[in-house]
Amino acid sequence: MQRILVTGGAGFIGCNFVHYIMEHGSVHVTVLDKLTYAGNESSLVGLPPERFEFIKGDICDSVLVDRLTASVDAVVHFAAESHNDNSLQDPRPFMDTNLLGTYTLIEAARKHGTRFHHISTDEVYGDLALDEPTRFTEDSVYRPTSPYSATKAGSDLLVRAWVRSFGLRATISNCSNNYGPYQHVEKFIPRQITNLLDGHRPRLYGKGLNVRDWIHVEDHSSAVAAILERGRIGETYLIGADGEQSNRTVVEKLLHLVGQPSDAYDLVTDRPGHDLRYAIDSTKLRRELGWRPLFEDFDAGLAATVQWYQENEDWWRPQKAETEVKYAGQGH
Ligand code: NAD
Ligand code: DAU
């Protein structure tokens, strides 16, 4: 592949993918990003200008999307409204970007015969009980529970239909919770790290018992690169790194890292409909494509992430106060 279009490349996972793919090859990358509250162009500084172009625009803009899609070999589609709490306050942007935006992109990819990779989430499968060993596989039933996950499920189904009905050359990946540099402070781990750096206590929803399956964002990038290169058209691949942790355990680890007592957190109002547990079985990706995560030591990855937020206050500070005002209004 010579040229790729990356949607949502100014967001958390998109920018990490752009850095990864440009460091690991000679591909030319065009980023299309609307720069919503979650997009930050400064996450893309330092990329080689002869191989990189940034376009500010909306994936729902069919004229722009058609023009950009016509000139690339592949589209890697990260752009989304991505935060569950926001989707519970105002679902509308989720409908527009996650459903209509994906539709706009796959129509352009169909017209131009462009290879398409759709980035999705394990949340499309709903949640699992806390006390069972079951994990999600590619055959799990779609059972989304929030407006966010319902729109992501809808976008997956659109891509699947375009593969079957129109022969779209697409793959889909559903990944678990990512952590690492450049993640917006609204999300769980950066919120607690920046609270601690500001001298405030971490805030756990409910009793803090919900479990998430953490993967370092660079492992997500390497998995997407493997699927782009070697994935079978029409297939779905689950991406995960066996990183299950309860939210309370994550907060206790963060408190330990900054030298505070393990119970120095607050329990706050729970998220309505809060999914209990996610867990990914990534056997298919590992067996078929030979992918392996490199950041398997969660404690080391967490320590490096704390250090990144300590060293990059200029990046996150402008988002922090506004984010906390929003959370205060929700009782979180
Ligand atoms: P993010 O919110 O950090 O970034 C989203 C990016 O998309 C932002 O740069 C934003 O400006 C851009 N965007 C939003 N609407 C747009 C539009 N209409 N047109 C163009 N650009 C638009 O999200 P993220 O956490 O990086 O997630 C990226 C993708 O990965 C999403 O599709 C999400 O569903 C998926 N995903 C996320 C996780 C996770 O843990 N964060 C896990 C699995 C899958
Ligand atoms: O599983 C993949 C999904 O992971 C992605 O599809 C989403 O885009 C991404 O946002 C993430 O969704 P979650 O809802 O799991 O992530 P969030 O960071 O919002 O919350 C993680 C867990 O932490 C969840 O159980 C809620 C809890 N939480 C969150 C915040 C912000 C707290 O206890 N306190 C908090 O302050």
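Everything that follows concerns the structure shown earlier in this document.
The following paragraphs examine the structure supplied in this document. Here the residue index of a chain counts from 1 through its sequence in written order. For this description, chains carry letters from A and ligands carry numbers from 1, given in the order in which they are written. Selection of residues for local features in this predicted model requires a pLDDT of at least 70, selection of side-chain atom pairs for listing and counting requires 80 or more, and totals for whole chains, interfaces and linings are taken over all residues. For side-chain calculations, the full set of non-hydrogen atoms in the structure is used, while hydrogens and water are omitted.

Either a parallel or an antiparallel arrangement is found when strands of a sheet pair, and the pairing is made through backbone hydrogen bonds. Two strands are said to pair when DSSP picks up at least two bridges between them. Helix and strand assignments come from DSSP, with helices taken as H or I runs of at least 4 residues and strands as E runs of at least 2, each series counted from the N terminus. Spatially, the 7 strands line up as an open sheet ordered β3-β2-β1-β4-β5-β6-β11, and their pairing is parallel. Two strands in the sheet have a free side with no partner beyond their single neighbour: β3 (52-56) and β11 (236-239). This sheet shows a mean twist of 20 degrees between the axes of neighbouring strands, independent of strand direction. Here 5 bridges tie strand β2 (residues 28-33) to β3, and the two strands are oriented parallel to one another. Bridge pairing in β3 places leucine 32 opposite isoleucine 55. In the packing of helix α5 (residues 147-166) onto the sheet, contacts are made with β5 (115-121), β6 (170-175) and β11, and the angle to β5 comes to roughly 155 degrees. Think of each axis as a best-fit line through the C-alpha atoms, taken over the contacting stretch in the case of a helix, with angles from 0 to 180 degrees between the N-to-C directions. Contact definition: two residues touch when any of their heavy atoms are within 4.5 Å.

Right, let's get into the site of ligand 2. Surveying the vicinity of ligand 2 reveals 25 residues, the closest of which are Thr121, Asp122, Tyr148, Arg271 and His274. Pairs of N or O atoms are called polar contacts if they sit within 3.5 Å, as long as, within protein, a hydrogen donor faces a hydrogen acceptor (for residues adjacent in sequence, only side-chain-to-side-chain pairs). Asparagine 84 has a polar side-chain atom sitting 2.9 Å from an oxygen atom of ligand 2. The separation between an oxygen atom of ligand 2 and a polar side-chain atom of arginine 271 is 2.6 Å. Protein chains shield 95% of the accessible area of ligand 2, which is 690 Å² for the free molecule. Residue assignment for the shell around ligand 2 shows that the elements contributing at least two residues are α6 (188-197) and β8 (203-205). When residues are sorted by character, Ala, Val, Leu, Ile, Met, Phe, Trp, Tyr, Cys and Pro go into the nonpolar class, Asp, Glu, Lys and Arg into the charged class, and all the rest, Gly among them, into the polar class. Each residue belonging to the shell around ligand 2 can be placed in one class, and the counts come to 7 nonpolar, 10 polar and 8 charged. By convention in these notes, a residue is near a molecule or strand provided one of its non-hydrogen atoms lies within 4 Å of it. Values of accessible area rely on a 1.4 Å probe in the Shrake-Rupley scheme; residue burial ignores everything except the protein chains shown.

For the rest of this paragraph, the subject is the pattern of salt bridges. Here a salt bridge means any side-chain nitrogen of Lys or Arg lying within 4 Å of a carboxyl oxygen belonging to Asp or Glu. Throughout the structure, instances matching the rule amount to 20 salt bridges. Residue aspartate 198 is joined to arginine 317 by a salt bridge in which the shortest nitrogen-to-oxygen separation is 2.6 Å. Within this pair, whereas aspartate 198 is found in the loop between α6 and β8, its partner arginine 317 is found in helix α11 (residues 313-329), the two being separated by 119 residues in sequence. On the basis of relative accessible area, aspartate 198 is assigned to the partly exposed category, the value being 26%. The classification of residues rests on relative accessible area computed with a 1.4 Å probe and restricted to protein chains. Under 20% of the type maximum is buried, over 50% is exposed, and intermediate values are partly exposed.

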